[in-house]
Amino acid sequence: MGEQPIFSTRAHIFQIDPATKKNWVATSKHAVTVSYFFDSTRNVYRIISLDGTKAVINSTITPNMTFTKTSQKFGQWADSRANTVYGLGFSSEGHLSKFADKFVEFKEAARLAKEKNQEKMEFTSTPSQGGAVTRKGLAANKHALKKESTSGLAPPSPLTSESVNGTEDERAATDTPQPFEARGGEEPSHNALVFSHSSPNVNKHWEAELAALKGNNAKLTAALLESTANVKQWKQQLAAYQEEAERLHRRVTELECVSGQTTATRSDKTALNRTIEELEEALRSKEDELERLKMDVQSANQFHSQRDSLTHKLQTVEQMNQALEAQLGELEQRVEADRRERETFRQSLRSLLQLLDGKILELSQLREALAKLLECS
């Protein structure tokens, strides 16, 4: 199936500065995906992260690695093969704890796989002198690995020529012929006689054992060549770790000389921790107040926008009011003109009525005169 992702999360990635070995250098501009991969063909676990097309993390998990939580949202581990220290900054403490638990789980799986491979190698090796020397070298290498894991060193102990083939004294003891008493007191001529009368099956057994030893020797030689390729790098890193340890030891000695009162130092540390907690609490309260102020600013901005819209509407209404007032003035002028016209018309009507009354009076008089004339005739 090849290599498959088994767990993924997102974090900011950092690496230790190779120049100072103290400061962190950010290798990603933003939070990227960090994944655990399992290679079923080689039975290994790896941590891989890509920033675009660039691989910012490619770390193989070994039993000697340790993931350390340095703060509530930050953790780190050392990779001896990459000769660096990786750091991850998470968005929450829960993501950090889950990543750390997965690290421990896959580290234990890698340790079990390694022990299983070692047991398989020990089981397949023949119980001959070469096989005994091989098991002795593997046991010595396993003891060195356990010693380094207990001492806290990150790089694993490499396979050396002494661990594979035995030390010089062991090889000398193996290659040196045993004396007559060590061989059980048998005569040399008797051994030669027994060997000359051995059956063909025994010869085939020894030939098969020799072929198996040759195959194991080729495998061990390949493992030796592969492991010795990183010996120099691991030695340099070990020397750097030793120098750093000596420097830290000198620093601790200086600090112990300067601060002679441990109780006072502890009380100062406790006071500083309390001060830090108080400052963190004050910082959280300030952050809450800042969020509240941000909400107030947003509300004020909304009020300002509403005020601007109302002001615009008020200006529009005022303009309409002025237009209506102008129209009202014109209407009042028209009404006044109409009133004046009606007053003039009324006066004209009064004049006509007076004139009409005069004419009617004259007609009445004329009628009466005509009536009189009619009566007289």
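Refer to the structure presented above.
Residues numbered from 1 in each chain as written. Predicted model: local features only at pLDDT ≥ 70, side-chain atom pairs only at ≥ 80, totals over all residues. Heavy atoms only, no water.

A. Region of the structure containing the pairing of strand β4 (residues 44-51). By the bridge criterion, six bridges tie strand β3 (residues 32-39) to β4 in an arrangement that is antiparallel. Across the sheet, residue Phe 37 finds its bridge partner in β4, namely Arg 46. In the sheet, β4 pairs with strand β5 (residues 54-60) via six bridges, with the strands oriented antiparallel. What sits directly across from Asp 51, in β5, is Lys 54. Taking the residues that link successive antiparallel strands as the turn, the β4-β5 hairpin has two residues, and the phi of Gly 52 there is positive, at about 80 degrees. (Pairing = 2+ DSSP bridges. Helix = DSSP H or I, 4+ residues; strand = E, 2+ residues; numbered from the N terminus.)

B. Spotlight on unusual backbone geometry. For Lys 21, which is not glycine, the phi dihedral falls at a positive 60 degrees. Note that Lys 21 resides in the loop between β1 (3-16) and β2 (24-26). If you check the backbone angles, Asn 83 has positive phi at about 55 degrees while not being a glycine. Positionally, Asn 83 belongs in the loop between β7 (74-79) and β8 (84-89).

C. The side chain of Asp 17, seen in detail. Along the chain, Asp 17 turns up in the loop between β1 and β2. This buried residue, Asp 17, is left without a salt bridge; Lys 21 holds the nearest opposite charge, at 8.4 Å. Apart from residues lying up to four places away in sequence, Asp 17 is in contact with Lys 22, Asn 23 and Val 25. (Buried < 20%, exposed > 50% of the residue type's maximum accessible area, 1.4 Å probe, protein only. Lys, Arg positive; Asp, Glu negative; His and termini not counted. Salt bridge = Lys/Arg side-chain N within 4 Å of Asp/Glu carboxyl O. Contact = heavy atoms within 4.5 Å.)

D. Representation of the pattern of salt bridges in the model. Enumeration according to the criterion identifies eleven salt bridges in this entry. Across the pair Asp 296 and Arg 292 runs a salt bridge, and its minimum N-O distance is 3.4 Å. You can see Asp 296 and its partner Arg 292 sitting in helix α8 (residues 262-376), four residues apart, about one turn around the helix. Of the residues examined, Asp 296 reaches a relative accessible area of 38% and is grouped as partly exposed.

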